[in-house]
Amino acid sequence: MSEHENGPLEHPPWPDMKLPERLLTGAIRELHSKIESQWDPLRQSACQTAAGRALWKHAVNDPLADILAGETYLRRLHEKMKNDQINNAREVSGVILAVRTLWFDSKIEAAVSSFEDGEAQVVLLGAGMDTRAYRLSFLKDSHIFEVDFDDVLQVKAALIDAAEKDKHSQVKAKSLTRLAADIREEDWLEKLKQSGYNSERSTVWVLEGILYYLPPSHAMEVLKIIADKCTYTKTVLLADFMNKPSTTLSNSTFQFYSDWPDRLLPSLGFSDVKLSQIGDPDANFGLMNDDPLNLFNKLRSLPRSLQIHPEDGTPCRRLYLVQASGSPIQVLS
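Residues numbered from 1 in each chain as written. Predicted model: local features only at pLDDT ≥ 70, side-chain atom pairs only at ≥ 80, totals over all residues. Heavy atoms only, no water.

**Observations concerning the environment of A127**
(1) Moving on: Inspection of the secondary structure assignment puts A127 in the loop between β1 (120-125) and α6 (132-135).
(2) Moving on: C-alpha separation for the pair A127 and V92, spaced 35 residues apart in sequence, amounts to 25 Å.
(3) Moving on: With near-sequence residues (within four places) excluded, A127 lies in contact with E146, V147 and D148. (Helix = DSSP H or I, 4+ residues; strand = E, 2+ residues; numbered from the N terminus. Contact = heavy atoms within 4.5 Å.)

**Re the sheet that holds strand β7 (residues 319-326)**
(1) Moving on: Reading across the sheet, the seven strands line up as β3-β2-β1-β4-β5-β7-β6 and stay open at both edges, with mixed pairing between neighbours. Pairing within the sheet leaves two strands with one partner each, and these edge strands are β3 (175-180) and β6 (272-277). The average undirected angle you get between the axes of adjacent strands in this sheet is 15°.
(2) Moving on: Bridge analysis of β1 against strand β2 (residues 142-148) gives six bridges, and the strand direction is parallel. Bridging from a neighbouring strand, L124 pairs with E146 of β2.
(3) Moving on: The strands touched by helix α9 (residues 216-228) are β1, β4 (203-207) and β5 (235-242); relative to β5, the strand with the most contacts, the crossing angle is about 160°.
(4) Moving on: Contacts from helix α10 (residues 261-268) reach β5, β6 and β7, with the element oriented near 160° to β6. (Pairing = 2+ DSSP bridges. Axes fitted to C-alpha atoms, helices over the stretch in contact; angles between N-to-C directions.)

**Examining the domain arrangement of the protein**
(1) Moving on: Under the domain assignment used here, the protein contains domain 1 (21-87) and domain 2 (95-326).
(2) Moving on: Taking the mean C-alpha position of each, domain 1 and domain 2 sit 20 Å from one another.
(3) Moving on: Counting residues at the interface gives 28 residues for domain 1, matched by 31 residues for domain 2.
(4) Moving on: Of the roughly 2,600 Å² buried at the junction of domain 1 and domain 2 (both faces included), carbon and sulfur atoms supply 73%.
(5) Moving on: If you look at where domain 1 meets domain 2, you find three salt bridges.
(6) Moving on: Its salt-bridge partner being R135, residue D62 comes within 3.8 Å of it at the nearest N-O pair.
(7) Moving on: The tally of links from domain 1 across to domain 2 stands at five residue pairs in polar contact (both at pLDDT 80 or more).
(8) Moving on: It is helix α2 (residues 41-55) that provides the largest number of residues to the side of domain 1 that touches domain 2, a total of 11 residues. (Domains from an automatic or database assignment. Buried area = accessible area lost by both parts, 1.4 Å probe. Salt bridge = Lys/Arg side-chain N within 4 Å of Asp/Glu carboxyl O. Polar contact = N/O pair within 3.5 Å; in protein donor to acceptor, adjacent residues only side chain to side chain.)

**Considerations on the pairing of β4**
(1) Moving on: Counting buried positions along β4 yields five of five residues, so the element is predominantly enclosed.
(2) Moving on: Across the two faces of β4 the burial is the same, with T203, W205 and L207 and V204 and V206 all buried.
(3) Moving on: Both β1 and β4 contribute to a ladder of four bridges, which runs parallel. Residue pairing for β4: L124 is matched across the bridge by V206.
(4) Moving on: Note: β4 against β5, five bridges, orientation parallel. Opposite V204, over in β5, you have V236 as the bridge partner.
(5) Moving on: Handedness of the β-α-β unit built from β4, α9 and β5 comes out right-handed. (Buried < 20%, exposed > 50% of the residue type's maximum accessible area, 1.4 Å probe, protein only. Right-handed = clockwise from strand over helix to strand, strands pointing away.)

**Some remarks on the pattern of salt bridges**
(1) Moving on: For the coordinates displayed, the defined rule picks out 23 salt bridges.
(2) Moving on: The salt bridge partner of D66 is R22, with a shortest N-O separation of 2.8 Å. Within this pair, whereas D66 is found in helix α3 (residues 65-69), its partner R22 is found in the segment before α1 (26-38), the two being separated by 44 residues in sequence.
(3) Moving on: Here K156 makes a salt bridge to E146, at a shortest N to O gap of 2.9 Å. Taken together, the residues K156 in helix α7 (residues 150-162) and E146 in strand β2 connect sequence positions 10 residues apart.
(4) Moving on: Each of R53, D62, R100, D105, D130, R132, R135, E208 and D240 takes part in a single network of salt bridges with overlapping partners.

**Digging into the packing of aromatic side chains**
Pairs of aromatic rings are described using the distance from one ring centre to the other and the angle between the two planes.
(1) Moving on: Applying the stated rule across the entire model yields eight aromatic pairs.
(2) Moving on: For the ring pair W188 and W205, a centre distance of 6.2 Å and an interplane angle of 80° mean the geometry is edge-to-face. In this pair, W188 is assigned in helix α8 (residues 188-194) and W205 in strand β4, connecting sequence segments 17 residues apart.
(3) Moving on: Overall, W205 belongs to the buried group, its relative accessible area being 0%. (Phe/Tyr/Trp six-rings, centres within 6.5 Å; stacked < 30°, edge-to-face > 60°.)

**Remarks on α1**
(1) Moving on: Helix length check: α1 (13 residues) gives 18 Å between terminal C-alpha atoms against 18 Å at 1.5 Å per residue, within 8%.
(2) Moving on: For α1, every residue scored as buried is listed here: I28, L31, H32 and I35. Buried residues of α1, seen end-on, are gathered within an arc of 90° and therefore sit on one face of the element. In α1, those exposed residues whose orientation departs by more than 90 degrees from the buried face are G26, E30, S37 and Q38. (Expected span 1.5 Å × (residues − 1). Arc of directions from axis to C-beta.)

Below, the structure is given as structure tokens:
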């Protein structure tokens with residue numbers, strides 16, 4: 001990861017919450033009131049992710065995250081973080097969001113750098129409050145497509161417009177296209193093509209924090225559509241997967257799971273698949289506690305086939321970070 005993209009990874013004490021003044025304006029509060037009263041849990045998860053990036057700003061450089069998260073989600077996560085510190089928790093709330101963000105950032109940069117055919121495309125499915133087009137300078141030659149529900153994209157655009165005098169609200173990517181589409185519907189790919197997506201150009205597909213919210217049939221269809229692109233051009237998929245026990249975390253809000261995504265994706269047509277768990281060398285970033293009793297370290301030391309922890313009988317809830325790729329040359333070989 002480029003040094004200027006993210007700051008030093010030192011764990012600070014969590015100070016009292018001091019909201020930026022721009023969050024206190026009537027327009028911003030009105031937009032976030034709409035989010036809290038009208039959005040479903042899937043849509044609201046975008047604000048939760050933004051709060052994690054905002055409050056872990058010593059690790060994640062996302063200057064727009066606070067305005068996209070909003071007061072309610074910032075205060076909610078901050079309270080959890082303070083309690084974790086008071087209780088000497090082995091890991092502080094939000095660390096998974098920080099590690100996940102940095103993992104995706106680093107893998108997107110590596111993928112874009114590996115393309116040899118000029119301008120790359122980066123498609124963010126379920127983009128939510130993602131700001132990579134604004135904060136990652138290595139995307140200067142890349143075309144970014146953000147795909148999400150129309151109301152999510154409209155509110156996001158309005159919030160960023162409210163920060164228009166902020167130097168961080170300037171797009172760093174070569175282009176940014178927002179597309180209102182539901183990836184659970186059959187026409188999202190056709191809409192993407194109509195918006196300028198070129199099926200013959202090397203593409204990074206990003207599914208961060210979205211697959212497990214989808215019904216299994218829809219999640220599989222999305223993965224198959226992306227895998228099919230490997231027969232046309234160099235294609236990289238970056239996604240996070242939950243295992244089955246993890247779907248019990250939120251009262252059936254989560255639906256799709258895969259205990260073995262590194263087996264699933266090759267069966268769909270990807271030729272190269274790499275899997276990481278939180279805490280692995282490429283999914284750590286100096287943010288994870290080395291204590292062997294840390295939850296993530298305990299899980300990493302157990303066989304992935306185990307769904308119940310043998311010591312305490314708790315579910316082995318895992319989050320897998322997966323990079324898959326393929327190209328016409330690999331498909332033909």
